Amino acid sequence: MHLTTAKLRYVLLRWSGVLALLALWEIAPRLGWADAQFLPALSTTLQAVKQLGLDGSLYSHLVVSLWRVLTGLLLAVAVAVPLAFILEGWFAGLSRQLDPLFRLLSHVNPFSLAPVFILFFGIGEAQKLAIISLVTVWPILFHTITGIRAVDLLLVKTARSLHVSRFRMARDVLLPAAFPTIITGLRVGTQMAVFMLVAAEMLGASAGMGWLVHNSAMNYQIPRMYAGGGFIILLGIGINQFILQLERDSFFWQTPPALLDQRSERQIPATGNTYYLPLITGVLIGILFFGGQEVARINSQAAASGFTAEQHSHHHTHPDDGAANAAPPEGHNHHMSMPGHGAEQEGGDKDAANDKPESP
């Protein structure tokens, strides 16, 4: 009973800030502390989430964003990990010479190069995947190089004494030893990929969570905009927890940090969860398959309806949203005038009329 009470107290204290924020979100518009037109109550936002779920658009946008993040990460891993092993494992001197160049390139904001990506890749999926891959390749590359450099030299010398080939050295010695650091780089790269996903999906996209937020803002659907933003946060948290669980299961022998359960040591399991790796593989394959189908379907519908980048900037609708993209409220203008602006203009017209010289 004592442990249960302590765990409950720990959970409540840990999530108290989030609960307070949600409560403030609900009561602030209702008490007039915030304008409900621009900050709708939490219950109103949840109604928008329900509507997105009922019409199926939430699934479409979510699976498309997941597909883009996963595909961009796989492309970054396919480039960064082999490059790190080639440079650090076989050409260590060249790796140190190229390190300043890599550090310089890693500080370039990919979003600032968006016109260049559009010039080379157009406004299709290749442009979005290129932005996501570029922003994620650097942390994976740097962490992989760091992991290889941290490998115990005794393991390397032992492998060399057995006259193993370079390929077996990389596969059987360097990769297992550097794998924890590679996973850390993958987790950092995933967080950056989710950040850049929103910006990438605002550049000529027709689906995705970033497009949903941008589209809702342009059509003055504020609850829908907050719903999309909330799901982007949940998407980032979910992917991060997914990789953390993979890290815990892959390196189960490492002693986890002590929790607030009054125990100084925790029992280390003898083996990891054998079901988790097949589960991860199935989930990734499912995202790639269903996400790829959804992306192809949406792009084909957009092409059939004559969707272009120019139309995207003027006509913010999704092929599947239909009536969900309602027009802004009557009297609303994206370029909202300040109070009294009309009166000042009318007064100015009257003054101009009074100043007009009378005809003889």
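Please read all numbers here as calculations on a predicted model, not as lab measurements.

## Re the UniProt feature "transmembrane region" (unreviewed entry) in the protein
- Under the local residue numbering, the UniProt record ascribes the feature "transmembrane region" (unreviewed entry) to residues 12-28, 66-92, 104-123, 129-148, 169-186, 192-213, 225-244 and 275-292.
- Note that residues 66-92 is 96% helix and 0% strand, and that its end C-alpha atoms are spaced 36 Å apart.

## Things to note about helix H8 (residues 153-161)
- Measuring from the backbone nitrogen of Leu 154 back to the side-chain oxygen at the start of H8 gives 3.1 Å, which picks out Asp 152 as the cap.
- Directly after H8, the chain includes His 163, whose backbone phi takes a positive value near 60°.

## A few points about unusual backbone geometry
- In this structure, His 163 is a non-glycine residue whose phi angle is positive, near 60°.
- For His 163, a relative accessible area of 72% translates into the label exposed.
- Phi at Tyr 220 takes a positive value of approximately 60°, unusual for a residue other than glycine.
- By the secondary structure assignment, Tyr 220 is in the loop between helix H10 (209-218) and helix H11 (222-250).

## Concerning the pattern of salt bridges
- Under the definition given, this model contains nine salt bridges.
- The salt bridge involving Arg 68 is made with Glu 125; its shortest N-O contact spans 2.8 Å. Of this pair, Arg 68 sits in helix H4 (residues 57-90) while Glu 125 sits in helix H7 (residues 125-149), and the two are 57 residues apart along the sequence. Grouping residues by exposure puts Arg 68 and Glu 125 together as buried.
- Among the charged side chains, a network of salt bridges with common partners joins Arg 68, Glu 125 and Glu 201.

## A closer look at the confidence of the model for the protein
- Summary statistics for the protein give a mean pLDDT of 77 and a share of 76% for residues scoring 70 or more.
- Within the protein, helix H13 (residues 309-314) has the poorest average pLDDT of any element, 42, and helix H2 (residues 16-30) the best, 91.
- Confidence over residues 308-317 falls short of pLDDT 50; this stretch has 16 contacts with residues more than four positions distant or in other chains.
- pLDDT under 50 marks residues 322-360. Its contacts with residues more than four places away, or in other chains, come to 19 contacts.

## Things to note about the side chain of Glu 88
- For Glu 88, the position within the fold is in helix H4.
- A distance of 3.0 Å separates the side chain of Glu 88 from the side chain of Ser 95, its partner in a polar contact.
- In terms of polar contacts, Glu 88 uses its side chain to reach the side chain of Arg 96, at 3.4 Å.

## Here's the deal with a nonpolar patch on the surface
- A cluster of nonpolar side chains, Leu 101, Leu 104, Leu 105, Val 108, Leu 113, Val 116, Leu 119, Phe 120 and Phe 121, forms an exposed patch at the surface whose accessible area comes to about 870 Å².
- Counting residues per element, the nonpolar patch draws most heavily on helix H6 (residues 114-121), which supplies four residues.
- The residue Leu 105 is located in helix H5 (residues 92-106) in this model.
- Relative accessible area serves as the criterion here: at 38%, Leu 105 is assigned to the partly exposed category.

## Here we look at the packing of H4 against H7
- Following both chains from N to C, one finds H4 and H7 inclined at 40°, their axes separated by 6 Å at the closest point. For the element pair H4 / H7, the angle class is oblique. Like other packed secondary-structure pairs, H4 and H7 cross with a definite hand, here right-handed.
- Looking at side-chain class alone, the contact of H4 with H7 contains 19 nonpolar, five polar and five charged residues.

## Regarding the side chain of Ser 57
- Relative to the helices and strands, Ser 57 resides in helix H4.
- Overall, Ser 57 belongs to the buried group, its relative accessible area being 2%.
- A polar side-chain atom of Ser 57 sits 2.7 Å from a polar atom in the side chain of Asp 55.

## A few points about the environment of Val 156
- Here Val 156 lies in helix H8.
- Taking the C-alpha atoms as reference, Val 156 lies 9.8 Å from Ala 170; in sequence the two are 14 residues apart.
- Not counting chain neighbours up to four residues away, the residues in contact with Val 156 comprise Val 151, Met 169, Val 173 and Leu 174.

## With respect to the packing of aromatic side chains
- Under the criterion given, the structure shown has six aromatic pairs.
- For the ring pair Trp 25 and Tyr 226, a centre distance of 6.1 Å and an interplane angle of 55° mean the geometry is tilted. Of this pair, Trp 25 sits in helix H2 while Tyr 226 sits in helix H11, and the two are 201 residues apart along the sequence.
- Under the relative-accessibility criterion, Trp 25 is labelled partly exposed at 21%.
- With 5.1 Å between their ring centres and 80° between their planes, Phe 289 and Phe 290 make a pair best called edge-to-face.

## Focus: the nonpolar core
- Residues Phe 85, Leu 141 and Leu 174 are the most contacted members of the largest nonpolar core, which totals 46 residues.
- Mapped onto this core, the elements with two or more residues apiece are helix H3 (42-54), H4, H7, H8, helix H9 (166-201), H10 and H11.
- Among the elements that line this core, the one with the most residues is H9, at 11 residues.
- Contact partners of Leu 141, with chain neighbours within four places excluded, come to Ala 80, Leu 83, Ala 84 and Phe 102.
- Of all hydrophobic cores here, the second largest spans nine residues; its members include Ile 131, Val 135, Met 196 and Ala 200.

What counts and how
Residues numbered from 1 in each chain as written. Predicted model: local features only at pLDDT ≥ 70, side-chain atom pairs only at ≥ 80, totals over all residues. Heavy atoms only, no water. UniProt positions renumbered as here; feature names shortened; annotations may be inferred. Helix = DSSP H or I, 4+ residues; strand = E, 2+ residues; numbered from the N terminus. Polar contact = N/O pair within 3.5 Å; in protein donor to acceptor, adjacent residues only side chain to side chain. Buried < 20%, exposed > 50% of the residue type's maximum accessible area, 1.4 Å probe, protein only. Salt bridge = Lys/Arg side-chain N within 4 Å of Asp/Glu carboxyl O. pLDDT = per-residue confidence, 0-100. Contact = heavy atoms within 4.5 Å. Patch = residues over 30% accessible without salt bridge, like charges linked within 9 Å, V, L, I, M, F, W, Y side chains within 5 Å. Areas by Shrake-Rupley, 256 points an atom, 1.4 Å probe, with all protein chains shown as cover. Axes fitted to C-alpha atoms, helices over the stretch in contact; angles between N-to-C directions. Parallel < 35°, antiparallel > 145°, perpendicular 65-115°, else oblique. Left-handed = near helix turned anticlockwise from the far one by under 90°. Nonpolar A, V, L, I, M, F, W, Y, C, P; charged D, E, K, R; others polar. Phe/Tyr/Trp six-rings, centres within 6.5 Å; stacked < 30°, edge-to-face > 60°. Core = buried A, V, L, I, M, F, W, Y, C linked by side-chain atoms within 4.5 Å.

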